[in-house]
Amino acid sequence: MITRLGLRLRVFMFFAALALGNLAAIGLGLYFGYQRIADPELISAFVQGAIIAGFAMLGLITWMWFLFDQNVAHPIEQLASGIRARTHAEVASDIDHTAGRYLGDLAPAALAVTQHLASTREALSEAVQRETTHLVQLKDRLEALLSDVPVGVLLCTPEHQLVFYNGHAVDLLGGLEVAQGPGLDRRLFDYLHPATIELAYARLREINDADAASDLLCATTGSAKVLAARMRLLADDAAGPGGQMPPGYVLTLRDVTGDLAAHEAREALVAEFLDRVRRPAANLQSVIGVLAEQKGLLPEGLEGALSSEAASLAHAVNELAARHDAERANWRPLPMVRASDLTEAIRVRAAVDGVTVALDAAALILRCEGFEIAALLAALAVRLAPGRRDLALHVTEDGAGALLALSWLGAPVAVSELDRWLDAPLEVGLANVTGRRVLQTHATEIWPEPGAGVGARLCLPLREARRAHKRPAPVLRSVVYDFDLMFKERAASVMEARLEDLTYVVFDTETTGLLPAQGDEIVQIAGVRIVNGRRLEKEVFDSLVNPGRPIPPGSTEVHGITDAMVAEAPGIAEVGRRFHAFAKGAVLVAHNAPFDVEFLRRKQAAIGAVFDHPTLDTVLLSAVVFGQGEQHGLDALTHRLGITIAEEARHTAIGDALATADAFLKLLPSLKARGIVTFGDVLREVRRHGRLLKDLNG
Amino acid sequence: MADGDRKRRVLVVEDEDNIAIALDYLLTREGYDHERIASGAGAAERIRASRPDLVLLDVMLPEVSGYEICQDIRADPGLAGIKILMMTARGSAMERRKGLALGADGFIAKPFELKELRAEVRRLLGSEEGM
């Protein structure tokens, strides 16, 4: 109850109680004194004494109250209200600390607190302001970028609703009438035929790799423009809480109607050219061959000349035709499609027309335009179905490619009938696509064959396929941007460059042993990039290396890499070349760098590149920062810096490279605090510490 | 060698007159009994009637393609002994596979050298002799 009253009132009540107590004490004392004397003559003297003492005491206590109130209670209330005002009302001025001069350090302490609060608040708001401005700039730049890129960009939900599009997409999808342009929250399929888009979306969902993209062709519903598109799923974290919702996707579009038309015109020209030259060349060669065999009919020299010219003409035509044949399928890179995806698409499409197709697909990945092949084979299955039974689709390995075979029990099919079917248009969402054209796109043929027993089959070979190995864990990679790079001052030379301005590749190797001079080799290289003082999550190098020699069991125990694991890996020449490209222009950083760099430098001839990067060693940096007396092993260093390496990652090249990178980033501020600002400063300091980096940086 | 004395009979199905002339010369010189049909239509009937040892079959024929004729012959068990050598001006690897899959015994791309064709004809007819 009493704590609810104000401080000054409580102080006043305290002094009032003191005064009352004192008055009571004086009155009581005099009363007992008078009782002892019991002389009525003296009562007035006692009363007078009581009054004088009472007033004097009241005066004294009032004076003390006044002083206390003015110098203690009131200043405390002032300070408190000042602190409150600065805390809650964001008053900017300094607190008046002169009023509290009798409060000892309380007023200066309050002043310090409020000043610190003010400066923190100011810094915070400045930082927020700065970051906000930065974000707005980034957003503006991205928008400018997206509006300027010469492709249509669409962002769609998993239900294929539009949530974003750029101006170019409007041009591509809407034609000239703005009213027909794409609208937010409209269905994508109002503008594009769904078949290929749905197939690509399903394919990407199946792959389940944020990094994967799918190339496809699609057609607009209105003007039947043909668009080349690339689909990429949006990362999981954008897919709603817990990533439970299916992801949306980005679709980039490019109008290839013109490209296709131009390509087809060129293709037709080349084909006609070859056709028309080929026949007379063939005839000419045959006729000259006949003439040449009629001895004496032609002068000998003339006969030789004619024969050799005819032969070289025939040779040229044949060779050009073969090259044309090989290149026909390559003008537009065909996507890779999982055989099981393709057969499933065929089964579903045929089922729509009430035709059942059994599937039997080898674990292959086929190079083909999936929706075209699916449309062709589904259409053929539907044509075949009447009067035939047990339709089945088989995909088997076939040399470097694959053989798609549609088998059935019942009457065979005549080539003439098949030819008629191939000339009919297919439902692929593109105009004028016939089975014949699909075969041409894939530079292949289709034919009927008698099958085993009472059946027959249609054979359609695809030129390229590969076995579907277990998918390796995807390496995170995506568009990495840092617009600050544009505004970064480029240091005149590395030596004068400030440490935080340099780009680093922090790397680690695993090896067959510790002695490169005695034939030990690298079995794994991993590296990460640091740009602008930030480790780039997505820029990772991680590769096994076939060491070309057995890995001793002792080494396998350390890093867990076995001979079998590296059997299919590329050698150091290739991996080294790729790593050199990854580290181009960067400062190399490693824990105990001389060890790792020595392994690389010994292989420079095979790699065909020189590892002359500026190099830093976190062992030495640790020595500079923590002194020579400390342990500088990677475990000790990361422990000291509060960095944890997951046990599974320890002694993997990538795990150790990540740990070294994080340790390096934590060492940088300590170096700066010691006045070590530039790369040159580091080298000088490291040299002072005895172990030289001269062999690496000299 | 029961038929050793009988001349080997070759039927040429080829719409190009000029190459037919050259083939005529070659086959005469090789000592084969031969005739030519200039169109795909009716070729199968002619083959059934004359039962040649070898058909030199052009793929790109008017009306009926060489592939069709080839499939037709192979579908008739009574014509099983007839060899088929396909000739085409479009000699892609896939077309070769298609021709062989449809039952051709050989496939030769135009333009070809006469000796190449001669070797192929001899191979096909010779192999029967060896049977």
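Residues numbered from 1 in each chain as written. Chains lettered and ligands numbered in written order. Predicted model: local features only at pLDDT ≥ 70, side-chain atom pairs only at ≥ 80, totals over all residues.

J.: Where do I start with the overall build of chain A in this structure?
T.: What chain A contains, in helices and strands, is 22 helices and 18 strands. Looking at chain A residue by residue over its 698 residues, the buried ones come to 30%. Contacts spanning at least 24 positions in sequence make up 64% of the contacts within chain A whose residues lie at least 6 apart. (Helix = DSSP H or I, 4+ residues; strand = E, 2+ residues; numbered from the N terminus. Buried ≥ 20, exposed ≤ 12 C-beta atoms within 10 Å, placed from the backbone. Contact = placed C-beta atoms within 7 Å.)

J.: Sorry if this is basic, but what is going on with the overall build of chain B here?
T.: Counting its regular elements, chain B contains 5 helices and 5 strands. Listed by position from the N terminus, the elements making up chain B come as β-α-β-α-β-α-β-α-β-α. Taking all 131 residues of chain B together, the buried fraction comes to 46%. Look at the contacts in chain B between residues 6 or more apart in sequence, and 62% of them connect residues 24 or more apart.

J.: Would you mind showing me how to read unusual backbone geometry here?
T.: Negative phi values dominate among residues other than glycine, just as trans dominates among peptide bonds. A positive phi is found at D390 of chain A, a non-glycine position, where the angle reads about 55 degrees. Within the secondary structure, D390 of chain A sits in strand β9 (residues 389-398). Positive phi, normally seen in glycine, also occurs at E63 of chain B, with a value near 75 degrees. For E63 of chain B, the position within the fold is in the loop between β3 (54-58) and α3 (66-75). The exposed category is assigned to E63 of chain B, around which 11 C-beta atoms lie within 10 Å.

J.: Please explain the environment of E143 of chain A as it appears in this structure.
T.: All names here are of chain A. Counting through the fold element by element, E143 comes out in helix α3 (residues 106-148). Classification of E143 by C-beta neighbours within 10 Å gives exposed; the count is 11. With 23 residues separating them in the primary sequence, E143 and N166 have C-alpha atoms 8.7 Å apart.

J.: Sorry, what's going on with the packing of helix α2 (residues 43-88) of chain A against α3 of chain A here?
T.: What describes two packed helices is the angle between their axes and the distance between those same axes. Residue and element names in this part refer to chain A. Put simply, α2 and α3 touch, their axes get as near as 10 Å, and they point 5 degrees apart. Here α2 lies roughly parallel to α3, going by the angle between them. Of the residues in α3, those in contact with L79, I83, R86 and T87 of α2 are L106, A107, A110, T114, L117 and A118. (Axes fitted to C-alpha atoms, helices over the stretch in contact; angles between N-to-C directions. Parallel < 35°, antiparallel > 145°, perpendicular 65-115°, else oblique.)

J.: Can you walk me through the nonpolar core in this structure?
T.: Where a protein is soluble and globular, its nonpolar side chains tend to be buried together. Residues I346, L377 and A381 of chain A together with V13, L56, L57 and L85 of chain B are the most contacted members of the largest nonpolar core, which totals 116 residues. In terms of residue count, helix α9 (residues 370-384) of chain A provides more of this core than any other element does, 11 residues in total. Of all hydrophobic cores here, the second largest spans 53 residues; its members include L620, V625, F679 and L683 of chain A. (Core = buried A, V, L, I, M, F, W, Y, C linked by C-beta atoms within 7 Å.)

J.: Teacher, can you tell me more about the sheet that holds strand β7 (residues 358-361) of chain A here?
T.: For sheets, the rule is that strands pair by backbone hydrogen bonds, running either parallel or antiparallel. Residue and element names in this part refer to chain A. The strand order across the open sheet formed by 5 strands is β7-β9-β10-β12-β11, and the pairing between neighbours is mixed. Each edge of the open sheet carries a strand with a single partner, namely β7 and β11 (447-450). On average, each strand axis in the sheet is tilted by 20 degrees relative to the strand beside it, whichever way the strands run. Examined bridge by bridge, β7 and β9 share 4 bridges and lie parallel to one another. Residue pairing in the sheet places D360 in a bridge with H394 of β9. Against the sheet, helix α8 (residues 339-352) engages β7, β9 and β10 (401-409), with an angle of about 170 degrees to β7. (Pairing = 2+ DSSP bridges.)

J.: Quick question: what am I supposed to make of the pairing of strand β2 (residues 162-165) of chain A here?
T.: Regular strands have side chains that alternate between both faces of the sheet. All names here are of chain A. Relative to β2, strand β1 (residues 152-156) is paired through 3 bridges, and the arrangement is antiparallel. What sits directly across from L155, in β2, is F164. Connecting the antiparallel pair β1 and β2 is a turn made up of 5 residues, with H160 showing a positive phi of about 65 degrees.

J.: Sorry, what's going on with the pairing of strand β2 (residues 33-37) of chain B here?
T.: Residue and element names in this part refer to chain B. Bridge analysis of strand β1 (residues 9-13) against β2 gives 5 bridges, and the strand direction is parallel. Looking at β2, one finds that R9 is bridged to D33. For the handedness criterion, the β-α-β arrangement of β1, helix α1 (residues 17-30) and β2 is classed as right-handed. (Right-handed = clockwise from strand over helix to strand, strands pointing away.)

J.: How should the sheet that holds β2 of chain B be read in this particular structure?
T.: Residue and element names in this part refer to chain B. Strand order in the open sheet formed by 5 strands is β2-β1-β3-β4-β5, with parallel pairing between adjacent strands. Looking at the sheet topology across the chains shown, the edges are occupied by β2 and β5 (106-109). Strand-to-strand twist of the sheet, defined as the mean angle between neighbouring strand axes without regard to direction, takes the value 15 degrees. Two strands pair when backbone bridges link them, and β1 and β3 are joined in this way by 4 bridges, in the parallel orientation. Bridging from a neighbouring strand, V12 pairs with L56 of β3.

J.: Could you clarify how one ought to interpret the environment of K538 of chain A in this entry?
T.: Residue and element names in this part refer to chain A. As for its placement among the helices and strands, K538 is situated in strand β16 (residues 534-544). The partly exposed category is assigned to K538, around which 13 C-beta atoms lie within 10 Å. For the pair formed by K538 and V528, sequence separation is 10 residues and the distance between their alpha carbons is 8.6 Å.

J.: Can you walk me through the interface of chain A and chain B in this structure?
T.: When the parts of a complex come together, some accessible area is lost, and that lost area is often taken as the interface size. The interface is formed by 26 residues belonging to chain A together with 25 residues belonging to chain B. Mapped by element, the contributors of at least two residues to the side of chain A that touches chain B are α6 (257-293), α7 (300-327), α10 (415-422), β11 and β12 (455-462) of chain A. Across the side of chain A that touches chain B, the residue classes tally to 13 nonpolar, 7 polar and 6 charged. (Nonpolar A, V, L, I, M, F, W, Y, C, P; charged D, E, K, R; others polar.)

J.: Can you walk me through helix α15 (residues 572-582) of chain A in this structure?
T.: An α-helix turns once per 3.6 residues; consequently, residues spaced three or four apart project the same way. Among the residues making up α15 of chain A, those that are buried are I572, V575, G576 and F579 of chain A. Taken around the axis of α15 of chain A, the buried residues stretch over an arc of 100 degrees, which confines them to a single face. (Arc of directions from axis to C-beta.)

J.: Help me out: how do you make sense of α2 of chain A in this one?
T.: Residues and elements named next belong to chain A. Along α2, the largest kink reaches about 45 degrees and is centred on D69. Among the residues making up α2, those that are buried are P75, L79, G82 and R86. Tucked into the core, α2 has its buried residues touching α3. (Bend = angle between axes of the 7 residues up to and from the residue.)

J.: Help me understand the confidence of the model for chain A, please; the structure alone is not making it clear to me.
T.: Atomic detail in the predicted coordinates should be set aside for any region of low pLDDT. All names here are of chain A. Across chain A, the average pLDDT comes to 81, with 87% of residues at 70 or higher. Element-level pLDDT for chain A is lowest in helix α12 (residues 484-487), with a mean of 42, against a maximum mean of 94 in strand β14 (residues 504-511). Per-residue pLDDT stays below 50 along residues 238-242; that stretch engages in 5 contacts with residues further than four places along the chain or on separate chains. Per-residue pLDDT stays below 50 along residues 691-695; that stretch engages in 8 contacts with residues further than four places along the chain or on separate chains. (pLDDT = per-residue confidence, 0-100.)

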